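# Survey of secondary and tertiary structure
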Amino acid sequence: MAAVVGRLRAAGCVFAEDEAGLLLSAARTPAELAALVERRACGHPLEHVLGWAEFCGLRVAVEPGVFVPRRRTEFLVRQAVRTRPDAEVVVDLCCGSGAVGAALAASLPGCGVELYASDIEPAAVRCALRNLPEGARVFEGDLFEPLPEVLRGRVDILAANVPYVPTGEVALLPAEAREHEPLVALDGGRDGLDVLRRVTAEAGEWLAPGGILLFETSERQTAGALSAVADGGLAPGADRCDERYATVVVGTRTTR
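First, a word on what this report is: a plain description of the structure on this page. (Residues numbered from 1 in each chain as written. Predicted model: local features only at pLDDT ≥ 70, side-chain atom pairs only at ≥ 80, totals over all residues. Heavy atoms only, no water.)

Given 3.6 residues to a turn, an α-helix orients residues that are three or four positions apart in the same direction. The set of residues buried in helix α7 (residues 122-131) consists of Ala123, Ala124, Val125, Cys127, Ala128 and Asn131. On its buried face, α7 sits against β2 (58-61), α6 (99-107), β4 (114-119) and β5 (137-140). (Buried < 20%, exposed > 50% of the residue type's maximum accessible area, 1.4 Å probe, protein only. Helix = DSSP H or I, 4+ residues; strand = E, 2+ residues; numbered from the N terminus. Contact = heavy atoms within 4.5 Å.)

Let us look at the packing of aromatic side chains. All chains considered together, the criterion is met by 1 aromatic pair. On the numbers, 5.5 Å between centres and 10° between planes, the contact of Phe144 with Trp206 is stacked. Highlighted residues: Phe144 in the loop between β5 and β6 (155-160) and Trp206 in helix α9 (residues 194-206), separated in sequence by 62 residues. As far as the burial class goes, Phe144 and Trp206 line up, both buried. Here Arg59 stacks its cationic end above the ring of Trp52, 3.8 Å away from the centre of that ring. (Phe/Tyr/Trp six-rings, centres within 6.5 Å; stacked < 30°, edge-to-face > 60°. Lys NZ or Arg CZ within 6 Å of the ring centre and 35° of its normal.)

Position of Asn131 among the secondary structure elements: in helix α7. Judged by relative accessible area, which is 16%, Asn131 ranks as buried. Not counting residues up to four positions away in its chain, the partners in contact with Asn131 are Arg59, Val60, Ala61, Ser97 and Ala102.

Time to look at the pairing of β6. For β6, the tally of buried residues reaches 6 of 6 residues, placing the bulk of the element in the interior. When strand β3 (residues 89-93) meets β6, the two strands line up parallel, connected through 4 bridges. Considered in β6, the bridge of Leu93 is made with Ala160. Note: β6 against strand β7 (residues 207-217), 4 bridges, orientation parallel. When the bridges of β7 are listed, Ile157 appears paired with Ile212. (Pairing = 2+ DSSP bridges.)

Inspection of helix α1 (residues 2-10) places Val4, Val5 and Leu8 among the buried residues, and these make up the whole buried set. Buried residues in α1, looked at end-on, bunch into an arc of 100°, giving them a common side. In this structure, α1 carries Ala2, Ala3 and Ala10 as exposed residues pointing more than 90 degrees from its buried face. The first or second residue beyond α1 is Gly12, which carries a positive phi of 95°. (Arc of directions from axis to C-beta.)

As summarised here, the arrangement of the 7 strands in space is β5-β4-β3-β6-β7-β9-β8, forming an open sheet in which the pairing is mixed. In the strand order of this sheet, the two ends are held by β5 and β8 (235-241), each with one partner. For this sheet, the mean angle separating the axes of adjacent strands, direction not counted, is 15°. Where β3 lies against β4, 5 bridges are found, and the strand directions are parallel. The partner of Val89 across the bridge, within β4, is Glu114. Across the sheet, helix α5 (residues 74-83) is in contact with β6, β7, β8 and β9 (246-252); its angle to β7 comes to roughly 160°. Where α7 meets the sheet, its contacts fall on β4 and β5, and the angle it forms with β5 comes to roughly 175°. (Axes fitted to C-alpha atoms, helices over the stretch in contact; angles between N-to-C directions.)

Structure below.
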(Lines give C-alpha, C1' and ligand atoms only; values in the text may rest on other atoms or scores of the structure.)
Protein backbone atom coordinates (compact mmCIF):
# COMPACT_ATOMS: atom_id res chain seq x y z
CA MET A 1 0.00 0.00 0.00
CA ALA A 2 2.76 2.46 0.96
CA ALA A 3 4.65 1.81 -2.27
CA VAL A 4 1.53 2.34 -4.39
CA VAL A 5 0.62 5.55 -2.55
CA GLY A 6 4.17 6.81 -2.97
CA ARG A 7 4.16 6.16 -6.72
CA LEU A 8 0.81 7.87 -7.16
CA ARG A 9 1.81 10.87 -5.06
CA ALA A 10 5.01 11.25 -7.08
CA ALA A 11 2.88 11.29 -10.22
CA GLY A 12 0.73 14.11 -8.81
CA CYS A 13 -2.41 12.17 -7.83
CA VAL A 14 -4.17 14.32 -5.22
CA PHE A 15 -6.18 11.46 -3.70
CA ALA A 16 -3.35 8.93 -3.75
CA GLU A 17 -4.54 6.93 -0.72
CA ASP A 18 -8.08 6.49 -2.03
CA GLU A 19 -6.87 5.59 -5.50
CA ALA A 20 -4.33 3.14 -4.13
CA GLY A 21 -7.08 1.29 -2.27
CA LEU A 22 -9.16 0.99 -5.43
CA LEU A 23 -6.23 -0.22 -7.51
CA LEU A 24 -5.25 -2.79 -4.87
CA SER A 25 -8.82 -4.09 -4.83
CA ALA A 26 -8.92 -4.33 -8.62
CA ALA A 27 -5.63 -6.17 -9.14
CA ARG A 28 -5.58 -9.96 -9.02
CA THR A 29 -1.79 -10.35 -9.06
CA PRO A 30 1.25 -8.21 -8.15
CA ALA A 31 2.08 -7.90 -11.85
CA GLU A 32 -1.42 -6.68 -12.65
CA LEU A 33 -1.22 -4.18 -9.79
CA ALA A 34 2.07 -2.83 -11.10
CA ALA A 35 0.55 -2.40 -14.57
CA LEU A 36 -2.53 -0.60 -13.20
CA VAL A 37 -0.45 1.72 -11.04
CA GLU A 38 1.85 2.56 -13.93
CA ARG A 39 -1.08 3.40 -16.22
CA ARG A 40 -2.53 5.71 -13.58
CA ALA A 41 0.84 7.29 -12.87
CA CYS A 42 1.25 7.96 -16.59
CA GLY A 43 -1.95 10.03 -16.58
CA HIS A 44 -4.70 7.66 -17.64
CA PRO A 45 -8.03 8.47 -15.97
CA LEU A 46 -8.57 6.33 -12.88
CA GLU A 47 -11.91 5.17 -14.28
CA HIS A 48 -10.29 3.92 -17.47
CA VAL A 49 -7.67 2.08 -15.43
CA LEU A 50 -10.28 0.44 -13.19
CA GLY A 51 -12.75 -0.13 -16.01
CA TRP A 52 -15.63 1.49 -14.14
CA ALA A 53 -16.90 4.72 -12.59
CA GLU A 54 -19.28 5.24 -9.69
CA PHE A 55 -22.36 7.24 -10.68
CA CYS A 56 -25.60 7.64 -8.72
CA GLY A 57 -24.73 4.55 -6.70
CA LEU A 58 -24.14 2.46 -9.81
CA ARG A 59 -20.90 0.94 -11.06
CA VAL A 60 -20.77 2.05 -14.68
CA ALA A 61 -18.40 0.31 -17.11
CA VAL A 62 -16.02 2.77 -18.82
CA GLU A 63 -13.65 1.74 -21.61
CA PRO A 64 -10.52 3.62 -22.71
CA GLY A 65 -11.47 6.34 -25.16
CA VAL A 66 -14.92 6.87 -23.63
CA PHE A 67 -16.00 10.02 -21.79
CA VAL A 68 -15.88 9.48 -18.02
CA PRO A 69 -19.18 10.37 -16.30
CA ARG A 70 -18.72 13.26 -13.88
CA ARG A 71 -20.14 13.11 -10.39
CA ARG A 72 -21.57 16.61 -10.82
CA THR A 73 -23.90 15.19 -13.50
CA GLU A 74 -25.73 13.33 -10.73
CA PHE A 75 -27.44 16.68 -10.11
CA LEU A 76 -28.95 16.53 -13.61
CA VAL A 77 -30.35 13.08 -12.86
CA ARG A 78 -31.86 14.30 -9.58
CA GLN A 79 -33.48 17.29 -11.29
CA ALA A 80 -34.95 15.11 -14.03
CA VAL A 81 -36.46 12.68 -11.54
CA ARG A 82 -37.78 15.50 -9.35
CA THR A 83 -39.37 17.30 -12.28
CA ARG A 84 -40.81 14.31 -14.15
CA PRO A 85 -41.16 11.36 -11.78
CA ASP A 86 -43.96 10.10 -14.03
CA ALA A 87 -41.71 9.86 -17.09
CA GLU A 88 -42.32 6.84 -19.31
CA VAL A 89 -40.11 7.61 -22.32
CA VAL A 90 -36.49 8.69 -21.75
CA VAL A 91 -33.73 9.54 -24.23
CA ASP A 92 -30.07 9.78 -23.23
CA LEU A 93 -28.52 11.90 -26.01
CA CYS A 94 -24.72 12.09 -26.34
CA CYS A 95 -24.92 9.16 -23.95
CA GLY A 96 -21.24 8.28 -23.60
CA SER A 97 -21.09 5.30 -21.27
CA GLY A 98 -24.87 5.46 -20.76
CA ALA A 99 -24.45 6.53 -17.14
CA VAL A 100 -27.27 9.09 -17.19
CA GLY A 101 -29.72 6.73 -18.86
CA ALA A 102 -28.85 3.91 -16.48
CA ALA A 103 -29.26 6.19 -13.46
CA LEU A 104 -32.61 7.51 -14.69
CA ALA A 105 -33.88 3.99 -15.32
CA ALA A 106 -32.85 3.01 -11.79
CA SER A 107 -34.19 6.18 -10.13
CA LEU A 108 -37.57 6.76 -11.74
CA PRO A 109 -40.29 5.29 -9.53
CA GLY A 110 -42.38 3.72 -12.30
CA CYS A 111 -42.47 0.07 -13.30
CA GLY A 112 -39.91 0.62 -16.03
CA VAL A 113 -39.19 3.27 -18.62
CA GLU A 114 -38.92 3.05 -22.38
CA LEU A 115 -35.25 3.98 -22.69
CA TYR A 116 -33.28 5.08 -25.77
CA ALA A 117 -29.71 6.33 -26.09
CA SER A 118 -27.43 7.54 -28.85
CA ASP A 119 -23.82 8.62 -29.35
CA ILE A 120 -21.59 9.33 -32.32
CA GLU A 121 -18.64 7.38 -30.86
CA PRO A 122 -18.62 3.58 -31.48
CA ALA A 123 -16.73 2.94 -28.22
CA ALA A 124 -19.38 4.86 -26.29
CA VAL A 125 -22.15 2.82 -27.89
CA ARG A 126 -20.39 -0.40 -26.86
CA CYS A 127 -20.17 0.85 -23.27
CA ALA A 128 -23.77 1.99 -23.18
CA LEU A 129 -24.94 -1.42 -24.37
CA ARG A 130 -23.16 -2.93 -21.36
CA ASN A 131 -24.54 -0.42 -18.85
CA LEU A 132 -28.13 0.18 -19.86
CA PRO A 133 -30.85 -2.18 -18.64
CA GLU A 134 -32.34 -4.94 -20.72
CA GLY A 135 -34.76 -3.57 -23.26
CA ALA A 136 -32.97 -0.26 -23.77
CA ARG A 137 -32.16 0.60 -27.37
CA VAL A 138 -28.81 2.21 -28.21
CA PHE A 139 -28.01 3.85 -31.53
CA GLU A 140 -24.81 5.09 -33.14
CA GLY A 141 -25.05 8.41 -34.93
CA ASP A 142 -25.13 12.19 -34.69
CA LEU A 143 -27.56 13.52 -32.07
CA PHE A 144 -31.19 12.81 -33.11
CA GLU A 145 -30.32 11.38 -36.54
CA PRO A 146 -30.31 7.66 -35.55
CA LEU A 147 -33.38 7.78 -33.29
CA PRO A 148 -36.55 6.06 -34.56
CA GLU A 149 -39.18 8.42 -35.94
CA VAL A 150 -41.85 6.92 -33.69
CA LEU A 151 -40.24 8.82 -30.80
CA ARG A 152 -41.19 12.21 -32.19
CA GLY A 153 -43.56 13.96 -29.79
CA ARG A 154 -43.33 11.17 -27.17
CA VAL A 155 -40.21 11.88 -25.08
CA ASP A 156 -40.82 12.83 -21.45
CA ILE A 157 -37.15 13.28 -20.44
CA LEU A 158 -34.48 14.20 -22.97
CA ALA A 159 -31.11 14.27 -21.19
CA ALA A 160 -28.41 15.69 -23.46
CA ASN A 161 -24.88 15.54 -22.06
CA VAL A 162 -23.56 17.84 -24.78
CA PRO A 163 -19.95 19.09 -24.88
CA TYR A 164 -19.69 22.71 -23.74
CA VAL A 165 -15.99 23.54 -23.47
CA PRO A 166 -15.11 26.35 -25.92
CA THR A 167 -12.65 25.18 -28.56
CA GLY A 168 -10.02 27.63 -27.38
CA GLU A 169 -10.16 26.25 -23.83
CA VAL A 170 -9.88 22.54 -24.59
CA ALA A 171 -6.09 22.81 -24.25
CA LEU A 172 -6.59 24.05 -20.67
CA LEU A 173 -8.40 20.88 -19.56
CA PRO A 174 -6.58 18.38 -17.35
CA ALA A 175 -4.34 16.10 -19.39
CA GLU A 176 -6.31 13.00 -18.45
CA ALA A 177 -9.38 14.49 -20.14
CA ARG A 178 -7.87 16.07 -23.25
CA GLU A 179 -5.51 13.15 -23.95
CA HIS A 180 -7.74 10.18 -23.11
CA GLU A 181 -11.34 11.24 -23.74
CA PRO A 182 -12.79 11.81 -27.22
CA LEU A 183 -12.55 15.42 -28.42
CA VAL A 184 -16.12 15.24 -29.72
CA ALA A 185 -17.31 14.78 -26.12
CA LEU A 186 -15.43 17.87 -24.90
CA ASP A 187 -15.31 20.52 -27.65
CA GLY A 188 -18.47 22.61 -27.82
CA GLY A 189 -17.32 24.95 -30.58
CA ARG A 190 -16.28 28.59 -30.56
CA ASP A 191 -18.32 29.63 -27.52
CA GLY A 192 -19.02 26.13 -26.21
CA LEU A 193 -22.68 26.21 -27.23
CA ASP A 194 -22.58 25.02 -30.87
CA VAL A 195 -23.74 21.45 -30.17
CA LEU A 196 -26.27 22.70 -27.66
CA ARG A 197 -27.89 24.98 -30.25
CA ARG A 198 -28.27 22.01 -32.60
CA VAL A 199 -30.04 20.10 -29.81
CA THR A 200 -32.37 22.92 -28.77
CA ALA A 201 -33.32 23.57 -32.40
CA GLU A 202 -34.81 20.07 -32.68
CA ALA A 203 -35.71 19.09 -29.12
CA GLY A 204 -39.24 20.47 -29.25
CA GLU A 205 -40.12 18.10 -32.10
CA TRP A 206 -39.19 15.07 -29.98
CA LEU A 207 -40.61 16.10 -26.61
CA ALA A 208 -44.10 15.19 -25.52
CA PRO A 209 -46.26 17.99 -24.08
CA GLY A 210 -44.77 18.65 -20.66
CA GLY A 211 -41.57 16.89 -21.68
CA ILE A 212 -38.26 18.32 -20.54
CA LEU A 213 -34.82 18.77 -22.05
CA LEU A 214 -31.95 18.87 -19.54
CA PHE A 215 -28.28 19.59 -20.07
CA GLU A 216 -25.29 20.91 -18.15
CA THR A 217 -23.41 24.10 -18.88
CA SER A 218 -21.01 26.40 -17.08
CA GLU A 219 -22.27 29.25 -14.92
CA ARG A 220 -20.91 31.87 -17.33
CA GLN A 221 -22.63 30.20 -20.29
CA THR A 222 -26.03 30.01 -18.62
CA ALA A 223 -27.50 33.14 -20.22
CA GLY A 224 -26.55 31.97 -23.71
CA ALA A 225 -27.87 28.48 -22.99
CA LEU A 226 -31.21 29.84 -21.77
CA SER A 227 -31.51 31.94 -24.93
CA ALA A 228 -30.88 28.86 -27.06
CA VAL A 229 -33.64 26.98 -25.23
CA ALA A 230 -36.08 29.86 -25.73
CA ASP A 231 -35.13 30.15 -29.42
CA GLY A 232 -36.03 26.46 -29.74
CA GLY A 233 -39.56 27.16 -28.52
CA LEU A 234 -39.15 25.70 -25.03
CA ALA A 235 -39.76 27.38 -21.70
CA PRO A 236 -36.29 27.89 -20.17
CA GLY A 237 -35.14 27.50 -16.58
CA ALA A 238 -31.93 26.78 -14.71
CA ASP A 239 -30.89 25.17 -11.43
CA ARG A 240 -27.57 25.38 -9.61
CA CYS A 241 -25.92 22.99 -7.15
CA ASP A 242 -23.06 24.73 -5.35
CA GLU A 243 -21.96 21.50 -3.69
CA ARG A 244 -21.35 19.86 -7.08
CA TYR A 245 -20.42 23.06 -8.94
CA ALA A 246 -23.12 22.05 -11.39
CA THR A 247 -25.47 24.17 -13.49
CA VAL A 248 -28.36 22.41 -15.22
CA VAL A 249 -30.57 24.14 -17.78
CA VAL A 250 -34.08 22.80 -18.33
CA GLY A 251 -36.31 23.44 -21.31
CA THR A 252 -39.99 22.45 -21.08
CA ARG A 253 -42.39 21.89 -23.95
CA THR A 254 -45.51 23.69 -22.88
CA THR A 255 -47.46 23.55 -26.16
CA ARG A 256 -49.97 20.82 -26.87
